[in-house]
Amino acid sequence: MKHLLLAAALILAAPVSAETVFITADRMVDVLTGRMVDAPAIVVTEGRIVSVGRQGSVAVPEGAKRIDLAGLTLVPGFIDMHVHLTSDPKMQPMDALLKTDNYWVLVGAQNAGKMLATGITTVRNVGSSGFDDVAIKQAIEDGRLQGSRIVPATYALGATGGHCDETFFPPSFEAKSPGVADGVDALRAKVREVRKYGAEVIKVCATGGVFSRNTEPGQQQLREEELKAIADEAHMWGVKVAAHAHGASGIKAAIRAGIDTIEHASLIDDEGIKLAKERGAYLSMDIYNTDYTQSEGKKNGVLEDNLRKDREVADVQREGFRKANAAGVKMVFGTDAGVMPHELAVNQFGTMARYGMSPLQVLRAATSTAAEALGREKDVGAIAPGRYADIVAVAGDPLASVEPLMAAKVVVKGGEVVADRR
Ligand SMILES: [Zn+2]
């Protein structure tokens, strides 16, 4: 019986298209050199780029399917380093409690499709329940549904009573997140456990946060030795670590512990900026979503205390972003989509530009630098041989303004058109 099931599963899994695709457009941004290339011609087989050249100098492979994006400029598909696919910011808290656990897999599946349609071809899902993000990733890879490529974290790790624990229920409910553990050994074991069931990045909550109860963003919640144990264990297994850290002490402890990406980094101080630069830590700062939370949060049932925390970090975080970027810290695009509707994530490009980034810096934060932070430079983050043919076609000049990036005309994933608004 087991073998029969296995055979059935193998037949159902859609193979990657073996066809050759020939993509042309007016122009292309090479994010690796920072240059605009005229009349690009891209050859794709089995979803990956084989060669990138100029029209006229590259022969059209025999039998190739052609995708002509005349009048448009190509940029690499975007990578959002901080999303929660299985969240719905518009659902009232009480309504959410009436849904069965598996309901959220379908919410996540739908959101992966919405994000892909805006040009976000890869997401790092930094926290979900029930290994939902692994299930959605598997279904997308098998061709059952359309969505962004997913790097799943599964359960976020954290301290008892901390931001990543269940903080909204009375003691009689005995609600505790499966990612919660206390002490060096217990946290090491959690790294092994979530990795065993599909985590490709470890997410840890180093400080309090905005949307939990009875936690403050500035409050450190894991000791530096606990953070170091998590980082060492994950790195031994070849997995990177993302630390949710708003407060200055938690940010610095996480960087000193060797954690790869610092999420939010809202209250980062000068010492933290210096440390991030020295150690090569990446900052993933979600500087757009406060606009949504402040205008829609009350209506969506967000507690006043959580709105208060969001207000308190909003401007400080944006100024910290400006400072860190000016200091030359490695910055990646991370939006916390899920706190706001997923289709709004690309709006953050505008905020990043307003707080000091050039359009090329914004583009790199969402492509080549993000791929580096994921350790997936061979797969995503540039229109270059060997990488997946994940490409966004935009109108106008994306090196002159970020506006075109927020209104993708055509989205190509693995050499296949998945959204077309021409
Ligand atoms: Zn988050």
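What counts as what
Residues numbered from 1 in each chain as written. Predicted model: local features only at pLDDT ≥ 70, side-chain atom pairs only at ≥ 80, totals over all residues. Heavy atoms only, no water. Axes fitted to C-alpha atoms, helices over the stretch in contact; angles between N-to-C directions. Helix = DSSP H or I, 4+ residues; strand = E, 2+ residues; numbered from the N terminus. Left-handed = near helix turned anticlockwise from the far one by under 90°. Contact = heavy atoms within 4.5 Å. Nonpolar A, V, L, I, M, F, W, Y, C, P; charged D, E, K, R; others polar. Buried < 20%, exposed > 50% of the residue type's maximum accessible area, 1.4 Å probe, protein only. Disulfide = S-S within 2.5 Å. Core = buried A, V, L, I, M, F, W, Y, C linked by side-chain atoms within 4.5 Å. Pairing = 2+ DSSP bridges. Right-handed = clockwise from strand over helix to strand, strands pointing away. Salt bridge = Lys/Arg side-chain N within 4 Å of Asp/Glu carboxyl O. Arc of directions from axis to C-beta. 1 Å grid on protein atoms, 1.4 Å probe; cavity = no way out; pocket = protein on both sides within 12 Å on 5 of 7 lines; lining within 4 Å. Points joined across faces, edges and corners; volume = space filled by probe spheres on them. Donors = N, O, S within 2.8 Å, 3.2 Å for Na, K, Ca; no water. Parallel < 35°, antiparallel > 145°, perpendicular 65-115°, else oblique. Phe/Tyr/Trp six-rings, centres within 6.5 Å; stacked < 30°, edge-to-face > 60°.

**Here we look at the packing of helix α5 (residues 184-196) against helix α6 (residues 224-236)**
Look at α5 against α6: their axes get within 9 Å of each other, and the N-to-C directions meet at 30°. The element α5 and its partner α6 pack so that their crossing is right-handed. Each of Val-184, Leu-187, Arg-188, Val-191 and Arg-192 in α5 lies in contact with α6, whose residues at this interface are Glu-225, Glu-226, Ala-229, Ile-230, Asp-232, Glu-233 and Ala-234. Of the residues that constitute the contact of α5 with α6, the class distribution is six nonpolar, no polar and six charged.

**Topic: unusual backbone geometry**
The phi dihedral of Phe-131 falls on the positive side, at around 60°, and the residue is not glycine. Turning to its location among the elements, Phe-131 is positioned in the loop between β7 (120-125) and α4 (132-141). The phi angle at Asp-336 is positive, at roughly 65°, despite the residue not being glycine. Asp-336 sits in the buried class, given a relative accessible area of 7%.

**Looking at the state of the cysteines**
The full count for this structure, using the stated rule, is one disulfide. Residue Cys-164 pairs covalently with Cys-205 via a disulfide, S to S 1.8 Å. Taken together, the residues span a long stretch of sequence, with Cys-164 in the loop between β8 (149-152) and α5 and Cys-205 in strand β9 (residues 201-205) at a distance of 41 residues. The pair Cys-164 / Cys-205 is uniform in exposure class, with both members buried.

**Overview of the nonpolar core**
Core analysis: the biggest nonpolar cluster contains 80 residues, and Phe-78, Ile-202, Leu-283 and Phe-349 have the highest contact counts within it. If near-sequence neighbours (up to four positions away) are discounted, Leu-283 is found in contact with Ile-262, Ala-265, Ile-268, Ala-276, Ala-324, Val-329, Lys-330, Met-331 and Val-332. Core analysis: the next-biggest nonpolar cluster, separate from the first, contains 18 residues, Ile-23, Met-28, Val-37 and Ala-389 among them.

**Side note on the pairing of strand β11 (residues 261-264)**
Judged from the four bridges that link them, strand β10 (residues 240-245) and β11 form a sheet pairing that is parallel. Its bridge partner lying in β11, Ala-243 is registered against Ile-262. Note on the crossover from β10 through helix α7 (residues 248-256) to β11: the handedness is right-handed. Where β11 and strand β12 (residues 282-284) come together, three bridges link them in parallel fashion. Opposite Ile-262, over in β12, you have Leu-283 as the bridge partner.

**Side note on the pattern of salt bridges**
Tallied over the full model, the rule gives 24 salt bridges. Residue Asp-291 pairs with Arg-318 through a salt bridge whose shortest N-O separation is 2.9 Å. Here the residue Asp-291 occupies a position in helix α9 (residues 290-296), and Arg-318 occupies one in helix α10 (residues 304-326), the gap between them amounting to 27 residues. What makes Asp-291 partly exposed here is its relative accessible area of 34%. Salt bridges sharing partners connect three or more residues here, namely Lys-137, Glu-141, Glu-200 and Arg-376.

**A word on helix α8 (residues 270-279)**
Residues of α8 that are buried include every one of Gly-272, Ile-273, Leu-275 and Ala-276, and no others. Down the axis of α8, the sector holding all buried residues measures 165°, keeping them to one side. Opposite its buried face, α8 presents the exposed residues Asp-270, Glu-271, Lys-274 and Glu-278, each directed more than 90 degrees away. Residues of α8 that are buried sit in contact with α7, β12 and α10. Directly beyond the C-terminal end of α8, a positive phi value near 75° is found at Gly-280.

**What about empty space enclosed by the protein?**
Under the definition given, this model contains one cavity of 30 Å³ or more. Size it by volume and the largest cavity reaches roughly 50 Å³. Lining the largest cavity, in full, are Gly-77, Ile-79, Thr-121, Thr-122, Asp-379, Val-380, Gly-381, Ala-382, Tyr-388 and Asp-390. Broken down by class, the residue content of the lining of the largest cavity amounts to four nonpolar, four polar and two charged.

**Quick look at the sheet that holds β10**
Overall, parallel pairing links the five strands, which are arranged β9-β10-β11-β12-β13 in an open sheet. Each edge of the sheet is formed by a strand with only one pairing partner; in this case those strands are β9 and β13 (330-332). Each strand axis lies, on average, 25° off the axis of its neighbour in the sheet, ignoring direction.

**A short note on the coordination of the zinc ion**
Within the protein, His-82 (NE2), His-84 (NE2) and Asp-336 (OD) serve as the donor atoms for the zinc ion, at 2.0 to 2.4 Å. Counting gaps between the donor residues of the zinc ion yields the pattern H-x1-H-x251-D. Considered together, His-82 and His-84 belong to a single accessibility category, that of buried residues.

**Remarks on the packing of helix α3 (residues 103-117) against α4**
At a minimum axis distance of 9 Å, the contact between α3 and α4 shows a crossing angle of 50°. With respect to α4, the element α3 is oriented oblique. As α3 runs across α4, the sense of the crossing is right-handed. Along the contact surface, α3 presents Trp-104, Val-105, Gly-108, Ala-109 and Ala-112, while α4 presents Asp-132, Ile-136 and Ile-140.

**Here we look at the packing of aromatic side chains**
This model, assessed by the stated rule, comprises six aromatic pairs. Between Phe-78 and Phe-349, the ring centres sit 5.0 Å apart and the planes meet at 75°, which makes this aromatic pair edge-to-face. Here Phe-78, found in strand β6 (residues 78-83), pairs with Phe-349, found in helix α11 (residues 348-354); they are 271 residues apart in sequence, far enough to count as distant. Given a relative accessible area of 0%, Phe-78 falls into the buried group. Ring centres 5.6 Å apart and planes at 65° place the aromatic pair Phe-131 and Tyr-197 in the edge-to-face group.

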